[in-house]
Amino acid sequence: MDPVTQGALGSVFALCKAKKKEITAAIWLGALSGMAADLDVLIQSNKDPMVYFEFHRHFTHSLAFIPIGALICHLVLFPLIKRLIASDLDKKSSYLFCFLGYASHGILDACTSYGTQLLWPFSNHRVAWDIVSIIDPAFTLPLIAMVVVSRLRKNMRWGIYALAYALLYMGLASWQHTRVIGVLRELAISRGHTSLPGQPPFRVHAKPSFANLILYRGLYEYQDHFYVDAIRLPFFGKPRVYEGSSKKRVHPEDIYADTNSQGYVDLKKFEWFSDGFLVQSNMNPLIINDFRYAILPNGDEELWGVYCDPSTPSAHVKTVFDRKTDSSTLKKFKLLLWGE
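An account of the accompanying structure is given in this report.

What counts as what
Residues numbered from 1 in each chain as written. Predicted model: local features only at pLDDT ≥ 70, side-chain atom pairs only at ≥ 80, totals over all residues. Heavy atoms only, no water. Helix = DSSP H or I, 4+ residues; strand = E, 2+ residues; numbered from the N terminus. Expected span 1.5 Å × (residues − 1). Buried < 20%, exposed > 50% of the residue type's maximum accessible area, 1.4 Å probe, protein only. Polar contact = N/O pair within 3.5 Å; in protein donor to acceptor, adjacent residues only side chain to side chain. Contact = heavy atoms within 4.5 Å. Salt bridge = Lys/Arg side-chain N within 4 Å of Asp/Glu carboxyl O. Axes fitted to C-alpha atoms, helices over the stretch in contact; angles between N-to-C directions. Parallel < 35°, antiparallel > 145°, perpendicular 65-115°, else oblique. Left-handed = near helix turned anticlockwise from the far one by under 90°. Nonpolar A, V, L, I, M, F, W, Y, C, P; charged D, E, K, R; others polar. Pairing = 2+ DSSP bridges. Patch = residues over 30% accessible without salt bridge, like charges linked within 9 Å, V, L, I, M, F, W, Y side chains within 5 Å. Areas by Shrake-Rupley, 256 points an atom, 1.4 Å probe, with all protein chains shown as cover.

Section: helix 5 (residues 91-110)
Then, in step 1: In this model, helix 5 (20 residues) spans 30 Å end to end at C-alpha, consistent with the 28 Å of a helix rising 1.5 Å per residue.
Then, in step 2: Where burial is concerned, most of helix 5 is hidden: 14 out of the 20 residues are buried.
Then, in step 3: Near the N-terminus of helix 5, the side chain that reaches the backbone nitrogen of lysine 92, with its oxygen 3.1 Å away, is that of aspartate 90.

Let's talk about the side chain of asparagine 289
Then, in step 1: One can find asparagine 289 in strand 6 (residues 287-290).
Then, in step 2: A polar contact of 2.9 Å, which involves the side chain of asparagine 289, links it to the side chain of glutamate 302.
Then, in step 3: Leaving out residues up to four positions away in the same chain, asparagine 289 has contacts with Phe270, Phe277, Leu278, Val279, Ser281, Glu302, Trp304 and Gly305.

Focus: the pattern of salt bridges
Then, in step 1: Under the counting rule described, the total for this entry stands at 13 salt bridges.
Then, in step 2: With a shortest N-O distance of 3.2 Å, lysine 207 and aspartate 130 are connected by a salt bridge. On the criterion of sequence distance, the pair formed by lysine 207 in strand 1 (residues 204-208) and aspartate 130 in the loop between helix 5 and helix 6 (137-153) is long-range, its members being 77 residues apart. When sorted by exposure, lysine 207 lands in the same class as aspartate 130, which is buried.
Then, in step 3: Taking the shortest distance from any N to any O, the salt bridge between glutamate 221 and arginine 249 comes out at 3.1 Å. One end of the pair, glutamate 221, is in strand 2 (residues 215-222); the other, arginine 249, is in the loop between strand 4 (240-248) and helix 8 (252-255), and 28 residues separate them in sequence.
Then, in step 4: Salt bridges sharing partners connect three or more residues here, namely Arg203, Glu221, Arg249, Lys268, Glu271 and Asp275.

A look at the packing of helix 1 (residues 3-15) against helix 5
Then, in step 1: Two elements in contact, helix 1 and helix 5, have axes separated by 8 Å at closest approach and are oriented at 135°. The angle between the axes of helix 1 and helix 5 places the two elements in the oblique class. Helix 1 and helix 5 meet at a crossing whose hand is right-handed. Counted together, Thr5, Gln6, Leu9, Gly10, Phe13 and Ala14 of helix 1 and Phe97, Leu100, Gly101, Ser104, His105, Leu108 and Asp109 of helix 5 form the full contact between these two elements.
Then, in step 2: Class assignment for the residues of the contact of helix 1 with helix 5 results in 6 nonpolar, 6 polar and 1 charged.

Some points on the sheet that holds strand 8 (residues 318-321)
Then, in step 1: Strand order in the open sheet formed by 4 strands is 5-6-7-8, with antiparallel pairing between adjacent strands. A single partner strand is all that each edge strand has here, and the edge strands are strand 5 (278-280) and strand 8. Taking the axes of each pair of neighbouring strands and ignoring which way they run, one obtains an average angle of 35° across the sheet.
Then, in step 2: In the sheet, strand 7 (residues 304-307) pairs with strand 8 via 4 bridges, with the strands oriented antiparallel. Residue pairing in the sheet places glycine 305 in a bridge with valine 320 of strand 8.

Some thoughts on the pairing of strand 6
Then, in step 1: Covered by surrounding structure in strand 6 are Ile287 and Asn289 together with Ile288 and Asp290, the residues of both alternating faces.
Then, in step 2: Across 3 bridges, strand 5 lies against strand 6 in antiparallel orientation. Bridge assignment links leucine 278 to a residue of strand 6, and that residue is aspartate 290.
Then, in step 3: The turn joining strand 5 and strand 6, which pair antiparallel and follow one another in sequence, is formed by 6 residues.

A short note on a nonpolar patch on the surface
Then, in step 1: On the surface, a cluster of nonpolar side chains totalling about 540 Å² of accessible area is made up of Trp28, Leu32, Met35, Leu80, Leu84 and Ile85.
Then, in step 2: When contributions to the nonpolar patch are tallied by element, the ones reaching two or more residues are helix 2 (23-36) and helix 4 (66-84).
Then, in step 3: Among the elements that line the nonpolar patch, the one with the most residues is helix 2, at 3 residues.
Then, in step 4: Tracing the sequence through the fold places leucine 32 in helix 2.

Quick look at the packing of helix 4 against helix 5
Between two packed helices, both the angle of their axes relative to each other and the distance between the axes serve to describe the pair.
Then, in step 1: Helix 5 packs onto helix 4 with a crossing angle of 130° between their chain directions and a minimal axis gap of 8 Å. Classified by the interaxial angle, the pair formed by helix 4 and helix 5 is oblique. Considering how the two elements wind past one another, helix 4 and helix 5 form a crossing that is right-handed. In this structure, helix 4 uses Ile66, Pro67, Gly69, Ala70, Leu71, Cys73, His74 and Phe78 to contact helix 5, whose residues at the interface are Lys91, Ser94, Tyr95, Cys98, Phe99, Tyr102 and Ala103.

Okay, structure coming up:
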């Protein structure tokens, strides 16, 4: 999720084990450690654009790396916090707060749809539970408010209240996600898109749209095609489906004949990153996009992809980003969100 949310939840985790005199130190150590894992964005290469896709949410986000990441944070932050904020802070408490803050990061990221390698080095599977958007003010702002109250009142119980709120919110989000998946499965069956009679397609995904738990991007795969629809499901009300479109799935072999070429290797990495949701761009058939993400939840104008040049298979692919929005697109999103 966004750095502010990561820092807020890191503070919440640390506060739950803080004593009254340690509250300020716990907030700072938890917040900074909660954001630290995202320093992996610095792992980039001007020559190989796939390095970023490979290493963001990689080892720094894994469960196995938590003790090491916490130790690094402790070694860096302890002298600063002790000198500037809490002169009586001891090393044991400092490491504990760093550990709790750092531990919150990967778990929170796994709740989104981007994909997080929680099980590295035992598996490179990208865990994505798809239950919350990468930015969700309804989750973030109450956490920040309760952390501030905890600091002002010097009462760590507000950290416990915040943790309870976070767990309840994620529980609600998980329940909502399950409901949307059910709607999407029924929709696929009604279209005759079944793996077995009466059974939905094997791959069915629902991803919350920007900053809400009401409007979702529903995706499923059937006979090598991806289908997308927007599903609006109020907490108390009937679902509404806004039909989208479909696109043929692209396989790296469709673009590069030489499976030993650099271009093919790069596209295979992008296929792994995108969970196989590769499609051609509407603008250029040589731009292969990640179908999981678009501005509109039922749209087929994806946010990012890679440019492939089969005429020079020895060259790296090039990353392409298209995140531009105009007033018309934002208006359409609002209409979908409000069910109009």
